[in-house]
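Understanding the architecture of this molecule
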Amino acid sequence: MTGTGPNPKVTAKQKRLAIIGGGSSGLISLKNSLESLKEWDIVCYEKSDRITGCWGNPYPGFVSTSTKYTTQFSCFTPFDANVKPDGGASRSEFFRNDEYGQYLEQFAETFSLHGHIATQHRVDKLCRDVDRGGWQLSITDLKEEHAEPITEYFDSVILCTGLTAERVQIDCKIKILSIPELHHPAGLGHITENRIVVIGGGESAVDYANRLSRPELNNQVFLSLRSGIRVSPRYHPIRGVPSDFLRNRLLLSIHEDIRNWIGQRFVELRIRYQETFRRLFPAKKGADVSTSEMDQDVNQIRKEWAYKLTKTAKDDLFNMFHNKSDDFLDAVAAGRITIVGPPVDNQFTVFRRFDSDQEEHIEPSLVVPAVGYQGRLSELSEGHLQLSDFYLGCIHTTYPDMFLVGFARPIIGNIPSISEVQARFVCGLIAETFPRPANIETLHRADSLRRKVRYKELRLESIYPVEMFPYCDQLARLMNTFPTLRALGSLSVWCRMQLTPATTMHYDYRETQSRERDATTPVYMPGSLIIILLVIKPFDFVYRTFRRLFKRNL
């Protein structure tokens, strides 16, 4: 695939927009900018030879952690919220292997984006043009051998290079498995008979551990954790449907403090008393709750580890990243993965036990660091741009022509859907469809303080954590696209929207197609739980009122 690069017919007075990064965030930014900025010259630079991003087809057997329905862009919706009644055996509700890459290719084709994408073009540096404003980009055409960088001027820039540009490195003398080795197109058959320690508790870490522990590889795998982790199953073990489909606007309307308090206890009780919960909240009619083929002892070990990891997680339920690579618990229960604590030192040979101060000697032959990623933002701008400089994780507080899309990391949710809402917002700001916040620096300080209080256990200097739908709702209100009862004009439509699976497609409520889709989307939350949430709502109202009065009196 090749792109055309900058438009040679651009006029001297024509404004120019550069989009850096051609994955999912770059594509949705390109689509929205072409619609909002019809008179602009717009170029999207992608350093690879494809537009499928890092999750288009990362490795054989890949399964996404968010459903097709909730991850698809609201402007391109080939997937519905129906569930195949096989208990998740086929995982047909999720993107598998290269399906997400195919989706992005179809998206680009549908909206004629390829002509604006310069593939195999690397942006090496961007700097402020002190004379004209705007930005100077240093760009290298990778298709040409020994090509010299060229400099291009742009009035505005949207950075879409994402959160997974480069893995955080560790100082380790033991051989480290690289990402290309772990994402080898032929699988992991070349990594066998090894003693491997995977360090980290995120989705990447447990996914690596699970794949490396497959029986045919005959590896001995250890997962090193500093604390417990939030393990959210792709398919809810009680209802038998994707967990995404049980997250609706009624649930999200409860204040985060109350949801954290109730949700944590609900999850712990559900793990310990699963059979009782199945009686209280029976599976959706037509859904199949698969029963494990493990023996009773192994199932008990799995339940114990699920409870232990949830109980010892270092923050509240909705204040810490959730891990939906839950298959690894089967490997833990079967003894193929051993969970240990952190390393004693940087030799990575001696580790604490997970639940005690005792030490365990491992002497691994391979180490897989999965303790986070670092973006190229600071490197690209020679230290002049930092993630912490952007209000709401997307608007620079000083430069009104510099934006981020795809840098917000969801506690629960998915990045592409967040990126779409961000892209609409920043493209609207560039087009002056709605105004830039006049008191942005004050708002930014208040937003930063709230995040420091709520996400005190997270590295806020390098990530911008969000709870997906409350964050997207905040942007939607700024764009006047939030689906209020008054805006919808129908109590029945509004009530149904509160109960069906939450999706960013709800912001398109003015479109006929969106209303027709919402009318046929199933409700997966059990009636008994809906009643419980409705009973909680008055307490939620009182709690919010007291919080507002308390803040007013400070």
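Summary of the structure given here.

The rules we used
- Residues numbered from 1 in each chain as written.
- Predicted model: local features only at pLDDT ≥ 70, side-chain atom pairs only at ≥ 80, totals over all residues.
- Heavy atoms only, no water.
- Helix = DSSP H or I, 4+ residues; strand = E, 2+ residues; numbered from the N terminus.
- Rg over C-alpha atoms; globule rule 2.2 N^0.38 Å.
- Buried < 20%, exposed > 50% of the residue type's maximum accessible area, 1.4 Å probe, protein only.
- Contact = heavy atoms within 4.5 Å.
- Areas by Shrake-Rupley, 256 points an atom, 1.4 Å probe, with all protein chains shown as cover.
- Lys, Arg positive; Asp, Glu negative; His and termini not counted.
- Charge placed at Lys NZ, Arg CZ, Asp CG, Glu CD.
- Axes fitted to C-alpha atoms, helices over the stretch in contact; angles between N-to-C directions.
- Parallel < 35°, antiparallel > 145°, perpendicular 65-115°, else oblique.
- Left-handed = near helix turned anticlockwise from the far one by under 90°.
- Nonpolar A, V, L, I, M, F, W, Y, C, P; charged D, E, K, R; others polar.
- Pairing = 2+ DSSP bridges.

Attention now goes to the overall build of the chain. Secondary structure summary: the chain contains 18 helices and 24 strands in total. Here the chain has a C-alpha radius of gyration of 24 Å; the compact-globule value for 554 residues is 24 Å, and the two agree. In terms of principal-axis extent, the alpha carbons of the chain reach across some 75 × 60 × 50 Å. Within the chain, the proportion of its 554 residues that are buried is 53%. Taking contacts inside the chain between residues at least 6 apart in sequence as the whole, the part at least 24 apart equals 74%. Here the chain has roughly 25,900 Å² of accessible surface; of this, 52% comes from carbon and sulfur atoms. Within the chain, one finds 69 positive and 66 negative side-chain charges whose respective centroids are separated by 7 Å.

As a packed pair, helix H1 (residues 24-36) and helix H3 (residues 99-110) sit with axes 11 Å apart at the nearest point and diverge in direction by 20°. With respect to H3, the element H1 is oriented roughly parallel. Helix-helix and strand crossings are classified by hand; for H1 and H3 the assignment is left-handed. Of the residues in H3, those in contact with Ser24, Leu27, Ile28 and Lys31 of H1 are Tyr100, Leu104 and Phe107. Of the residues belonging to the contact of H1 with H3, the class tally is 5 nonpolar, 1 polar and 1 charged.

The subject of this paragraph is the sheet that holds strand S8 (residues 150-154). If you trace the 3 strands from one edge of the open sheet to the other, you get S6-S7-S8, paired in antiparallel fashion. The open sheet is flanked by strand S6 (121-128) and S8, the only strands paired with a single partner. Each adjacent strand pair in this sheet contributes to an overall mean axis angle of 30°, direction not counted. As defined by bridge partners, strand S7 (residues 135-141) adjoins S8 across 5 bridges and the pair is classed as antiparallel. Bridge pairing in S8 links Ser138 to Thr151.

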